[in-house]
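Residue-level structure breakdown
Listed here are the chains, written in short residue letters.
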Amino acid sequence: MARTTAPVPNGKLNIQLNGNNFKNANCKKNGYHNKAQKNSTAHSAGPPSSRQRFQRPESFENPPMYVAVMTYLGFGIVTLFGYFRDFLRAVGLEKCHIAREREEQKNESEVSFLNIPLAKPTRLVIQQFHLQDFVPLYQDFENFYTRNLYMRVRDNWNRPICSLPGPVFDVMERVSPDYNWTFSLTGKTIDDVINMGSYNYLGFAENDGDFLKTVADRTQQYGLGVCSTRQEMGNLAIHEELEQLVATFLGVESSMIFGMGFATNSMNIPALVGKGCLILSDELNHTSLILGARLSGATIWVFKHNNMQSLERLLREAVCSGQPRTHRPWRKVLIMVEGIYSMEGSVVRLPDIVALKKKYKAYLYLDEAHSIGAVGPTGRGVTELFGLDPSDIDVMMGTFTKSFGAAGGYIAGKKELVDYLRSHSHSAVYASAMSPPVTEQILRAMKCIMGLDGTTVGQARVHQLAENTRYFRSRLQEMGFIIYGNDDSPVVPILLYMPGKVVAFSRAMLKRKIGVVVVGFPATPITEARARFCLSAAHTKAMLDQVLFDLNELGDDLCLKFSRRKYSPRPQQHNNNDDTDFELDS
Amino acid sequence: MDFKYLKEYLGWLYYQYLLITGIYVLEPWEQSIFNSVFFSSVAMVIYTSYAFVPVHVRLALNSLVQALLCH
């Protein structure tokens, strides 16, 4: 084929060639590298500060093959025994403890209802009606898993505590005579259990009288309850003060607060998007985000966790083909991600997402429930961690439950957005406003972090959390456990995999007076059961050392050290002097 | 002295077996049922291999040698 035009310069020709198979090509388009990569390799796009950030890899190591095999085997055997016990219950050899229907409702007999003397046509109608059975109330197979596995090991969850859930707490002891179907408290408490499960990242869950003086004063002034919604009579001056402070804290124009963190997501996403809009949500998003997305009626497409190729492919698909049947352009495209994913401990790739959103003209909704206050040099969240401009993110959402020791959530962003939400959010119109003591607790915590109360306590706590995180994660990796997530995140999941080990781990740790949260099948994939440690600025190094020592012993005892990476044991270089400089790469 | 450590070690091995197969979560009588079924099948496998594998191997070798000799 003869070419009549002049030869094109090299650069353009490259793009032409690579346009056909862009999935595998290693080309540079618009400054965004389109390399095939796994989650864990370093990425070199974006501004220099984010390039440094990405030098810290996120690891999602796979276990040896026998571990997966044994996990499935364990689940298989317990399932078989589940069928066996269900059979015994159905036959009647064993008493069934869970809710079941009454015998009378299962099969109506026609005879009992025809004792009423009635005219003939009426009797026929009644006869036909009662020949039908009632629809069963309980689908027995749905709670097969609950009945046959969860109930057996229920003593590891929902343990009652009887003190403040600070860095240490008191757990009430309970026993079960019938294998965890019922519990009875013995009356004794297990004192000073180290708390590795509370989301107490900055240690604001405290009941010291000095710190809480302002909260007591405000309670005297405003009372305890608001008894109204924000739009009616529940808009107090203290709410406006907090909203101003949150906006200043985050570096945005305006913010609005809500009484409940879950409701912030589920009630406000329907106000922002509707039918004809597209939501691109991460695979591992929290239930509140998913519920809000479903309630809104928008189309939801899911991209693989933290995978920018998947997201870009979906964005291109959205821009090219538009709405499903009519092919009209989407009214809005909203990308929903979280700052820190609490089950994995991974941090969102924010610079990449901001670059993508600018390229494809989408909006970004960032849920910083776990990351606000916990990451970043001054605790401002993932935006500060990556050195980005807060005005790049369209909707910043967060909760006060985790780092601030209170309850509630906020949405922050441009003034037009927040003013729109004030009148159109379901939560603003129908939900009760935030209670004054809780508001004051958030105010004092936030002022403490920002340094506005005149002390450096807040900054010290943020530094202490970063130091604890790095120490704990590095020691665990040295010991040989498989840890997921980014080195900066204070949420540390240790993978346990097998159902028997999950249960034994939790019980053994409680015996050693450490309270951990273990998570199993419905909340995580079936082969990836884990124990999740949440570090706190209130944990002293002695507590962390105690936990690490016990983890080491238990890891040997239960054979939990699956990691196949080689780490050289390094000498003690973390000491109690405050020579930490978290800006350095480790 | 050695017997105490041996017993402890065997106890630890049994604990590992319970954890890995997932039996740890079951009630004691269910554990006994599983153990009896499992160990009886293991015993049958061992007996079968002891009683039949040498004979089968010898016969297989014979037929192989004959097949080679014929060619």
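What you see is a predicted model; the values in this text were computed from it and never measured. (Residues numbered from 1 in each chain as written. Chains lettered and ligands numbered in written order. Predicted model: local features only at pLDDT ≥ 70, side-chain atom pairs only at ≥ 80, totals over all residues. Heavy atoms only, no water.)

Some words on the overall build of chain B
This is how the line gets drawn: Each helix is a run of DSSP H or I of at least 4 residues and each strand a run of E of at least 2, with the numbering of both proceeding from the N terminus. Three exposure classes are used, based on accessible area relative to the maximum for each residue type with a 1.4 Å probe and protein chains only: buried under 20%, partly exposed in between, and exposed over 50%. Under the convention used here, a 1.4 Å probe and the Shrake-Rupley method define accessible areas, while residue burial counts only the protein chains that appear.
Summing up its helical and strand segments, chain B has two helices and zero strands in all. Projected onto its principal axes, the C-alpha coordinates of chain B cover approximately 60 × 35 × 20 Å. Sorting the 71 residues of chain B into buried and exposed places 21% on the buried side. Carbon and sulfur atoms form 75% of the exposed surface of chain B, whose accessible area is close to 5600 Å².

A few points about the interface of chain A and chain B
Under the convention used in this document: By definition in these notes, contact holds between two residues if any of their heavy atoms fall within 4.5 Å. Buried surface area refers to the total accessible area, computed with a probe of radius 1.4 Å, that the two partners give up upon joining, counted for both partners together. By salt bridge we mean one thing: a side-chain nitrogen of Lys or Arg within 4 Å of a carboxyl oxygen of Asp or Glu. By the criterion applied in these results, polar contacts are pairs of N or O atoms within 3.5 Å in which, for protein atoms, one can donate a hydrogen and the other can accept it, and in which residues neighboring in sequence qualify only through two side-chain atoms. Gly is placed with the polar residues, together with every amino acid not listed as nonpolar (Ala, Val, Leu, Ile, Met, Phe, Trp, Tyr, Cys and Pro) or charged (Asp, Glu, Lys and Arg).
Each partner contributes residues to the interface: chain A has 23 residues there, and chain B has 17 residues. Counting each side, the surface lost to burial between chain A and chain B is near 1800 Å², with a carbon and sulfur contribution of 70%. On inspection of chain A and its partner chain B, the count reaches three salt bridges. With a closest N to O distance of 2.8 Å, Glu30(B) and Arg152(A) form a salt bridge. Inspection of the chain A/chain B interface yields five residue pairs in polar contact (both at pLDDT 80 or more). Put simply, the parts of the chain that give the side of chain A that touches chain B at least two residues each are α3 (65-91), α18 (499-511) and α19 (541-558) of chain A. The dominant element in the side of chain A that touches chain B, judged by the number of residues it contributes, is α3(A), at nine residues. Here the residues of the side of chain A that touches chain B sort into 15 nonpolar, two polar and six charged.

Here we look at the packing of aromatic side chains
The criterion, for reference: When two rings of Phe, Tyr or Trp (its six-membered ring) have centres within 6.5 Å they constitute a pair, described as stacked for plane angles under 30 degrees, edge-to-face for angles over 60, and tilted for the intermediate range.
Taken as a whole, this structure holds 21 aromatic pairs over all chains when the rule is applied. Seen in terms of ring centroids, Phe400(A) and Phe404(A) are 5.7 Å apart; in terms of plane orientation they differ by 75°. Their pairing is edge-to-face. As far as burial versus exposure is concerned, Phe400(A) and Phe404(A) are alike and both buried. For the ring pair Tyr17(B) and Phe39(B), a centre distance of 6.0 Å and an interplane angle of 40° mean the geometry is tilted. In this pair, Tyr17(B) is assigned in helix α1 (residues 2-21) and Phe39(B) in helix α2 (residues 28-70), connecting sequence segments 22 residues apart.

A look at a nonpolar patch on the surface
For clarity, the cut-off: Candidate patch residues must exceed 30% relative accessible area and have no salt bridge, after which like charges are joined if within 9 Å and Val, Leu, Ile, Met, Phe, Trp or Tyr side chains if within 5 Å.
Together, Phe84(A), Phe87(A), Val91(A), Leu93(A), Trp29(B), Ile33(B) and Val37(B) make up an exposed nonpolar region whose accessible area comes to about 680 Å². At the level of secondary structure, the elements contributing two or more residues to the nonpolar patch comprise α3 of chain A together with α2 of chain B. With respect to the secondary-structure elements, Val91(A) resides in helix α3.

So, helix α10 (residues 287-296) of chain A
Residues and elements named next belong to chain A. Put simply, the rule reads: Working definition: the arc comes from the directions between the helix axis and the C-beta atoms, pointing outward to the latter.
Here α10 has its buried residues at Ser288, Leu289, Gly292, Ala293 and Ser296. Summarising the axial view, the buried residues of α10 lie within an arc of 135°, below the 170-degree limit, and thus occupy one face. In α10, the exposed residues that point more than 90 degrees away from the buried face are Thr287 and Arg294. Residues of α10 that are buried sit in contact with α9 (261-272), β6 (278-282), β7 (299-303), β8 (333-338) and β9 (363-367). Positive backbone phi, approximately 90°, marks Gly297, located one or two places after α10.

Here we look at the sheet that holds strand β13 (residues 514-515) of chain A
Threshold: A pair of strands counts as paired when DSSP detects no fewer than two bridges linking them.
The strand order across the open sheet built from three strands is β3-β4-β13 (chain A), with neighbouring strands paired in mixed fashion. Two strands close off the open sheet at either side, each with one partner strand: β3 (168-175) and β13 of chain A.

Quick look at the packing of helix α17 (residues 457-479) of chain A against α19(A)
All names here are of chain A. Applied cut-off: Lines fitted to C-alpha atoms define the axes, with helix axes restricted to the stretch in contact, and inter-axis angles between N-to-C directions lie between 0 and 180 degrees. By the definition adopted for this analysis, an angle is roughly parallel if under 35 degrees, roughly antiparallel if over 145, roughly perpendicular if from 65 to 115, and oblique otherwise. Note: crossing handedness is left-handed where the near helix turns anticlockwise from the far helix by less than a right angle, and right-handed where it turns clockwise.
Taken N-terminus to C-terminus, the directions of α17 and α19 make an angle of 20°; their axes are 11 Å apart at the nearest point. In this view, α17 runs roughly parallel relative to α19, as classed from their interaxial angle. As α17 runs across α19, the sense of the crossing is right-handed. The residues of α19 that touch α17, namely those facing Asn468, Tyr471, Phe472, Arg475, Leu476 and Met479, are Lys541, Leu544, Asp545, Val547, Leu548, Leu551 and Asn552. Here the residues of the contact of α17 with α19 sort into eight nonpolar, two polar and three charged.

Examining the pairing of strand β15 (residues 530-534) of chain A
All names here are of chain A. Buried residues dominate β15, accounting for five of its five residues. Bridge count between strand β12 (residues 491-495) and β15: five bridges; the pairing is antiparallel. Bridging from a neighbouring strand, Val491 pairs with Cys534 of β15. Examined bridge by bridge, strand β14 (residues 517-519) and β15 share three bridges and lie antiparallel to one another. The partner of Val519 across the bridge, within β15, is Arg530.

With respect to the side chain of Asn195(A)
Residue and element names in this part refer to chain A. On the secondary structure map, Asn195 appears in strand β4 (residues 184-195). A polar side-chain atom of Asn195 sits 2.9 Å from the main-chain carbonyl oxygen of Gly166. Once residues lying within four places of it in the same chain are set aside, the contact partners of Asn195 are Pro165, Gly166, Pro167, Val168, Phe169, Gly515 and His539.

Overview of the UniProt feature "transmembrane region" (unreviewed entry) in chain B
Residues and elements named next belong to chain B. What counts is decided by this rule: UniProt positions are given in the numbering used here, feature names are shortened, and annotations may be inferred rather than shown by experiment.
Per the UniProt record, the feature "transmembrane region" (unreviewed entry) sits at residues 9-26 and 32-53. Helix makes up 72% of residues 9-26 and strand makes up 0%, while its end C-alpha atoms are separated by 23 Å. Note that residues 32-53 is 100% helix and 0% strand, and that its end C-alpha atoms are spaced 30 Å apart.

Focus: the packing of helix α11 (residues 308-321) of chain A against helix α12 (residues 350-360) of chain A
For any two helices packed against each other, one specifies the crossing angle of their axes together with the interaxial distance. All names here are of chain A. At a minimum axis distance of 11 Å, the contact between α11 and α12 shows a crossing angle of 10°. Classified by the interaxial angle, the pair formed by α11 and α12 is roughly parallel. Crossing angle aside, the handedness with which α11 passes α12 is right-handed. The residues of α12 that touch α11, namely those facing Met308, Leu311, Glu312, Leu315, Arg316 and Val319, are Asp352, Ile353, Leu356, Lys359 and Tyr360. The class makeup of the residues in the contact of α11 with α12 is seven nonpolar, no polar and four charged.

Observations concerning the confidence of the model for chain A
Residue and element names in this part refer to chain A. Quick note on the threshold: Each residue carries a pLDDT value, the predictor's own confidence for that position, ranging from 0 to 100.
On average, residues of chain A score 83 in pLDDT, and 82% of them reach the 70 mark or higher. When the criterion is pLDDT under 50, residues 1-52 qualifies, and its contacts beyond four places in sequence or with other chains add up to 46 contacts. Ignoring residues within four places in sequence, the model shows residues 109-114, a span with pLDDT below 50, making six contacts including any to other chains.

Let's talk about the sheet that holds β7(A)
Two pairing modes exist for strands in a sheet, parallel and antiparallel, and in both the strands are linked by backbone hydrogen bonds. Residue and element names in this part refer to chain A. Within the open sheet, the seven strands sit side by side as β5-β11-β10-β9-β8-β6-β7. Their pairing is mixed. In the strand order of this sheet, the two ends are held by β5 (254-258) and β7, each with one partner. If you compare each strand with its neighbour and ignore which way they point, the axes differ by 20° on average. Note: β6 against β7, five bridges, orientation parallel. Paired with Asp282 across the two strands is Phe303, which belongs to β7. Here α10 sits on the sheet and contacts β6, β7, β8 and β9; the angle it forms with β8, its principal contact strand, is near 165°.

Considerations on the side chain of Ser296(A)
All names here are of chain A. Within the secondary structure, Ser296 sits in helix α10. From its side chain, Ser296 meets the backbone nitrogen of Ala298 in a polar contact 3.3 Å long. The residues touching Ser296, leaving out its near neighbours within four places in the chain, are Ile269, Pro270, Val273, Gly274, Lys275 and Ile279.

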